[in-house]
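Chain and residue survey
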Amino acid sequence: SRERVSQGSSGINAEYGGYMIDNIILLITGTLRNRPITELLPRCHPLGRFDELATISIAQSPAELFNAVMVDTPLAPFFKECVQDENDLDEMNIEILRNKLYKTYLEDFYAFCMELGGTTAEVMCPILAFEADRRAITITINSFRTDLLKDDIENLYPRCGMLYPEGLKFLKNAEDREEVRRICERYGMYKDLHSGVGDGPNDKTLEDRFFQEEVKMLALGFMNSFHLGVFFAFVKLKEQENRNIVWIAECIAQKNKSKIDNYIPIF
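Remember, predicted model here, so these are calculated numbers, not experimental data.

Glancing now at the overall build of the protein chain. Along its length, the protein chain carries 13 helices and zero strands. Ordering the α and β elements of the protein chain from the N terminus gives α-α-α-α-α-α-α-α-α-α-α-α-α. Its C-alpha atoms give the protein chain a radius of gyration of 19 Å, within 12% of the compact-globule value 18 Å for 267 residues. Overall size of the protein chain, expressed as C-alpha extent along the three principal axes, is 50 × 45 × 45 Å.

Here it is in structure tokens:
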């Protein structure tokens, strides 16, 4: 809704909302495992830090952390929609909670960009739609051989992608990866998504293919002027650059130089 958008994405730096979610989930998971918050804070992503994070550091239990998050963080509007009480904060539900938060965040961020309009919307909305579809596809694959009900899976899908609404209904009923591939092939942008994906030494993972497509979209953000999407694209491309450096370093450390070129080119 317009009210939720104003409380959510426009009330925080929307570009960094995903990092904030990851940081909060890290703190919740650590607290459930009786790890002190002061030990977890240095592990938080710097782009997901916010002033109220210091307030959270005094929480000593999941219940105290829940109350702090619901009151003292920029993510409070998202949490109020996704979590009813602290009893929902157990390890079994942490990943479900993460997906619910990302769903709400992406939908609000998308609506916020649509409100801004202009070139920002033209650049950002396709990127966010792609991210929504990536999460829907990944959630579907990860749900195989779990006890999640079909309707519960569908409720985790962000509803701002190109697969919404028909594609998401197909996805929730998919039984294996091959069926997911066939569903993706019905949509032009994802027709070749599974091309080259496999378990062979020279094959790509589905995650790699997502990164490849994402980089192409992010690079297009620099083809326009006077819009906010360029900042989002810059940060995301820097992230990919970091992943490339880590990949190359690990190949060197493992003396597996034959795979050193299997990083994701940026430009």
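Structure shown, so let's carry the discussion forward.
In contact at an axis separation of 9 Å, helix H12 (residues 206-220) and helix H13 (residues 229-253) are set at 145° when each is read in the N-to-C sense. Of the two elements, H12 crosses H13, and the hand of that crossing is left-handed. Where H12 approaches H13, its residues Phe211, Glu214, Val215, Leu218 and Ala219 are matched on the opposing element by Phe232, Ala233, Lys236, Leu237, Gln240 and Arg243. Tallied by class, residues from the contact of H12 with H13 come to seven nonpolar, one polar and three charged.

This part takes up H13. Over its 25 residues, H13 extends 36 Å from the first C-alpha to the last, a length consistent with the 36 Å expected when each residue adds 1.5 Å. Looking only at H13, the buried set comprises Gly229, Phe232, Ala233, Val235, Leu237, Gln240, Asn244 and Cys251. Just downstream of H13, Lys255 is the residue with a positive phi angle, here 55°.

Moving on, we come to the packing of aromatic side chains. This model, assessed by the stated rule, comprises seven aromatic pairs. Here the aromatic rings of Phe130 and Phe210 are separated by 5.9 Å at their centres, their planes lie at 70°, and the arrangement is edge-to-face. Here Phe130 is found in helix H8 (residues 118-143), whereas its partner Phe210 is found in helix H12, with 80 residues between them in sequence. Here the two residues Phe130 and Phe210 agree in accessibility, since each one is buried. Joined through ring pairs, the aromatic side chains of Phe78, Tyr102, Tyr105, Phe109 and Phe232 make up one cluster.

So, on to the pattern of salt bridges. Per the stated rule, a full pass over the model turns up 18 salt bridges. Here Arg35 makes a salt bridge to Glu39, at a shortest N to O gap of 2.5 Å. With a relative accessible area of 33%, Arg35 lands in the partly exposed category. With a shortest N-O distance of 2.6 Å, Arg134 and Glu131 are connected by a salt bridge. Of this pair, Arg134 and Glu131 both sit in helix H8, three residues apart, which is roughly one turn of the helix. You'll find Arg134 and Glu131 in the same group, each marked buried.

Cut-offs applied
Residues numbered from 1 in each chain as written. Predicted model: local features only at pLDDT ≥ 70, side-chain atom pairs only at ≥ 80, totals over all residues. Heavy atoms only, no water. Helix = DSSP H or I, 4+ residues; strand = E, 2+ residues; numbered from the N terminus. Rg over C-alpha atoms; globule rule 2.2 N^0.38 Å. Axes fitted to C-alpha atoms, helices over the stretch in contact; angles between N-to-C directions. Left-handed = near helix turned anticlockwise from the far one by under 90°. Contact = heavy atoms within 4.5 Å. Nonpolar A, V, L, I, M, F, W, Y, C, P; charged D, E, K, R; others polar. Expected span 1.5 Å × (residues − 1). Buried < 20%, exposed > 50% of the residue type's maximum accessible area, 1.4 Å probe, protein only. Phe/Tyr/Trp six-rings, centres within 6.5 Å; stacked < 30°, edge-to-face > 60°. Salt bridge = Lys/Arg side-chain N within 4 Å of Asp/Glu carboxyl O.

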